[in-house]
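Analysis of the macromolecular model
The chain contents come next:
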Amino acid sequence: MSMKTLLIATLVLGAGAAAQAVANDDAQVRLGEYLARAGDCVACHTAKGGKPFAGGLPMETPIGTVYSTNITPAASGIGQYSFEDFDQAVRRGIGKDGSTLYPAMPYPSYARVSEQDMQALYAYFMKGVAPVEQANKASDIPWPLSMRWPLAIWRGVFAPEAKPWQASATADPVVNRGAYLVEGLGHCGACHTPRALTMQEKALSAADGEQFLAGSAPLEGWIAKNLRGDHKDGLGSWSEAQLVQFLKTGRSDRSAVFGGMSDVVEHSMQHMSDADLTAIARYLKTLPPSNPDDQLHVYDKQVADALWKGDDSKPGAAVYIDNCAACHRTDGQGYTRVFPALAGNPVVQTADATSLIHVVLAGGTVPATHSAPSNFTMPAFGWRLSDQEVAEVVNFIRSSWGNQGSAVTAGDVKSLR
């Protein structure tokens, strides 16, 4: 082989290797973007009207308001972070300066994320996100609760060591994938699992017991519902297909998304693959009910018959006819994938009626998604209904068509206005 031929061959091989390296790098960035979608990073780290990932979103906690941080590759963000710094923050809750992050950052869940996925996330945030110079905002937590050093003790006691999630050797591979997404990147327990007085989630996985994903206390006017197999207030009456449809579009045959979950569907779930959404749904359907006495909903047509005959004597019935029946119907069945059914709806039967009261007062909009591009809005009724009228219509809904929700008072409504 001549020297010229050897030189040409070397250049060709070198160019091929460089092109392959670039392709591999691009693939890792794309994977990181997908994983960031699965983790819904943009929803928390983007303020209303702000630049993506630049932080500044206020988040209420029982001890005060914290603001999400800038995670763009700028000097005021994470531009100076090595992979080790990034990994420490995401999976261990330790900032670059050594301080412990507030657990509003769900690092107890992210501790389960694999090393490979962490590398992809780092590649995306460093190479696929536009840098934004924006200083982080100090928390609005009063002293002495604002002191950071006690958080290190909290982290040591309640946050697990960062060890990647381990698949079950006996479980369906699809269920294993769903468990990894739900317990790790999806950090579903951060909202849907009840917390102790010391603010830690009472369970971080299905192996930790029946409180995992059993529903939360009210936060910012909403309750994150029970995702276990309970029929009354969980997912017991949902099929796997209905769950996939709901996660992808924000609506199902009998329900519609509201509150903070709207952002999750809009920014995260609708962008995930059907395979991953199926894995999430299949895993959630493996969770048994948290209430051992859970019973199937049995439809009761007594109220529907009375309303059909013009009998609105039941307290709250007249308010319902005037304000709700046009969309949700007198039989409580709603309209498929447009206006959710109220009969047997787990949201209206939760022990705490905060979400139902809130949506009556403030209304809500089902977000448009790629596969369901129409918005549907429930108007706010707080301006036209008194506290007593709201309490009566909420009680009417929670006690009609076979629903079994406890009663609320005008005082409960007043406290949420």
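Per chain, residues are indexed from 1 in the order of the written sequence. It should be noted that, the model being predicted, local features are given only for residues of pLDDT at least 70 and side-chain atom pairs only at 80 or more, the latter also being counted only at that level, while totals for whole chains, interfaces and linings use all residues. With hydrogens and water stripped out, all remaining heavy atoms of the structure feed into the side-chain values.

The name recorded for the protein in an unreviewed UniProt entry is Gluconate 2-dehydrogenase cytochrome c subunit, from Pseudomonas putida.

Attention now goes to the nonpolar core. Among the buried residues, those of types Ala, Val, Leu, Ile, Met, Phe, Trp, Tyr and Cys that are joined through side-chain atoms within 4.5 Å form a nonpolar core. Here's how the labels work: a residue is buried when its accessible area is under 20% of the maximum for its type, exposed when over 50%, partly exposed in between, all with a 1.4 Å probe on protein chains only. Membership of the largest hydrophobic core comes to 58 residues, with the highest contact counts inside it found for F125 and L284. Numbering goes from the N terminus for both helices and strands, where a helix is a DSSP run of H or I of at least four residues and a strand is a run of E of at least two. Within the residue set of this core, elements represented by two or more residues are α1 (3–38), α2 (41–44), α3 (83–92), α4 (107–110), α5 (115–127), α7 (173–185), α9 (240–249) and α11 (274–284). It is α5 that provides the largest number of residues to this core, a total of seven residues. Apart from the residues lying within four places of it in its own chain, the contact partners of L284 are V182, L213, L227 and L235. Counting 29 residues, the second-largest nonpolar core is a separate cluster that includes W222, L342, L356 and V408. A contact between two residues is defined here by any heavy atoms of the two lying within 4.5 Å.

This part takes up α9. When α9 is considered as a whole, its buried residues turn out to be L243, V244, F246, L247 and T249. Looking at the buried side of α9, the elements it contacts are α10 (260–267) and α11. Downstream of α9 by a residue or two, G250 has a phi angle that is positive, lying close to 80°.

Turning our attention to the side chain of N395. Looking at where N395 falls in the secondary structure, it is placed in helix α16 (residues 387–398). Look past the residues within four positions of N395 in its chain and what remains in contact with it is S406, A407 and V408.

Turning to the packing of aromatic side chains, a few remarks are in order. Any Phe, Tyr or Trp ring, taking Trp's six-membered ring, that has another such ring centre within 6.5 Å forms a pair; planes under 30 degrees apart are called stacked, those over 60 apart edge-to-face, and the others tilted. Under the defined criterion, the tally for this structure stands at 14 aromatic pairs. Here the aromatic rings of F53 and Y124 are separated by 6.3 Å at their centres, their planes lie at 80°, and the arrangement is edge-to-face. Here Y124 lies in helix α5 and F53 lies in the loop between α2 and β1 (58–61), a separation of 71 residues in the sequence. Consider the ring centre and the ring normal. A charge sits over the ring if Lys NZ or Arg CZ is within 6 Å of that centre and within 35 degrees of that normal. Sitting over the face of the ring of Y81, K96 holds its NZ or CZ atom 5.8 Å from the ring centroid. A cation sits over an aromatic face here: R329 above Y335, 5.4 Å from the ring centre.

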